[in-house]
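Chain by chain, the residues:
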Amino acid sequence: MDNNKKTAIKNRIMQVGENLKKNNMEFYYAETAAEVKGIVESLMPVGCSVTHGGSESMKECGIPELLNSGKYNYIDRSKAQTPEEAKEIYRKAFSADVYISSANAITDSGVLYNVDGNSNRIAAIAYGPDSVIIIAGCNKIVHDLAEAELRVKTEAAPPNCVRLNCDTYCGSKGECVSLSKADHQMSDGCGSDSRICCNYLISAQQRHKGRIKVIIVGEELGY
């Protein structure tokens, strides 16, 4: 990436970071994905219990290798063999010491925006684990919630539906069906049983200071 563009991106990230801190969230900057693992490791005491939501950003930063290092009590959702086992792991997330996820979007004002299907991810972000670590590439930064909504409906949900083999309009057409309506609402979408945009979480100023820790990377990550 051109150095001038890198500098402009970093400047924007740092301003978002200041606003995250105003909203009682901790902020960390990583220039590259390779730096994220060290930051995450510094935020997790050895022996703590940790789990995570589905996150391509996390994978791109090598976090699964860290979690499988033997240093932590890793509640591994990939080990579930049945829907019942998966549900049990999702419930265990609420009592985990640390929960790792990404964000679908982060506004310039330091607000996190997340949309979920099963909603185990947004539930754990909102309540339960003592520490929540958010890993997000610079591509997740948007101006406001309107742009966050549009980002999910055009950039995040379509490839995620393809990844998860969900039979949805956006997975086949590349954008949410609601965008064809001039007066569409944030919650509008398709009627598919595979729909992944069922519940919405907006994380603004936090009551519990420092519980949510946001790592923003100066590279594009995930969807």
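See the structure shown above.
Calculation rules
- Residues numbered from 1 in each chain as written.
- Predicted model: local features only at pLDDT ≥ 70, side-chain atom pairs only at ≥ 80, totals over all residues.
- Heavy atoms only, no water.
- Helix = DSSP H or I, 4+ residues; strand = E, 2+ residues; numbered from the N terminus.
- Expected span 1.5 Å × (residues − 1).
- Buried < 20%, exposed > 50% of the residue type's maximum accessible area, 1.4 Å probe, protein only.
- Arc of directions from axis to C-beta.
- Contact = heavy atoms within 4.5 Å.
- Polar contact = N/O pair within 3.5 Å; in protein donor to acceptor, adjacent residues only side chain to side chain.
- Pairing = 2+ DSSP bridges.
- Axes fitted to C-alpha atoms, helices over the stretch in contact; angles between N-to-C directions.
- 1 Å grid on protein atoms, 1.4 Å probe; cavity = no way out; pocket = protein on both sides within 12 Å on 5 of 7 lines; lining within 4 Å.
- Points joined across faces, edges and corners; volume = space filled by probe spheres on them.
- Nonpolar A, V, L, I, M, F, W, Y, C, P; charged D, E, K, R; others polar.

This brings us to helix H1 (residues 3–22). If you check H1, its first and last C-alpha atoms are 29 Å apart, about what 20 residues at 1.5 Å a residue would give, namely 28 Å. All buried positions along H1 are accounted for by Ile9, Ile13, Val16, Gly17, Asn19 and Leu20. Along the long axis of H1, the arc covered by the buried residues comes to 165°, so they all point the same way. Summarising the geometry of H1, the exposed residues directed more than 90 degrees from the buried face are Asn3, Asn4 and Lys22. In this fold, the buried residues of H1 make contact with strand E1 (26–30), strand E5 (105–107), strand E6 (112–116), strand E8 (141–142) and strand E10 (212–217). N-capping of H1 is provided by Asp2, with a side-chain oxygen placed 2.9 Å from the backbone N of Asn4. Once H1 ends, the next one or two residues include Asn24, with phi positive near 70°.

Structurally, Thr107 is set in strand E5. One polar contact links Thr107 to Ser109, side chain to side chain, over a distance of 2.9 Å.

This paragraph deals with the sheet that holds strand E3 (residues 73–74). Taken in spatial order, the six strands of this open sheet run E1-E10-E7-E4-E2-E3, and their pairing is parallel. A strand with exactly one partner marks an edge of an open sheet, and here the two such strands are E1 and E3. Sheet topology note: the E1/E10 ladder contains five bridges and is parallel. The partner of Tyr28 across the bridge, within E10, is Ile215. This element, H1, spans E1 and E10 of the sheet and lies at about 165° to E1.

Attention now moves to the side chain of Arg121. Positionally, Arg121 belongs in helix H6 (residues 120–126). On the basis of relative accessible area, Arg121 is assigned to the buried category, the value being 9%. What Arg121 contacts, discounting residues up to four positions off in sequence, is Gly54, Tyr99, Ser101, Ser102, Asn104, Asn114, Val115 and Asp116.

Space left empty within the atom packing is revealed by a probe, the size of a water molecule, rolled over the atoms. What the largest pocket holds in volume is close to 900 Å³. Taken together, 41 residues form the lining of the largest pocket, with Gly54, Ser55, Arg77, Arg163 and Leu164 sitting closest to its centre. Looking at the lining of the largest pocket, the elements with two or more residues in it are helix H3 (56–60), helix H5 (83–92), E6, H6 and helix H7 (145–163). The element best represented in the lining of the largest pocket is H7, accounting for six residues. Considered class by class, the residues forming the lining of the largest pocket number 15 nonpolar, 15 polar and 11 charged.

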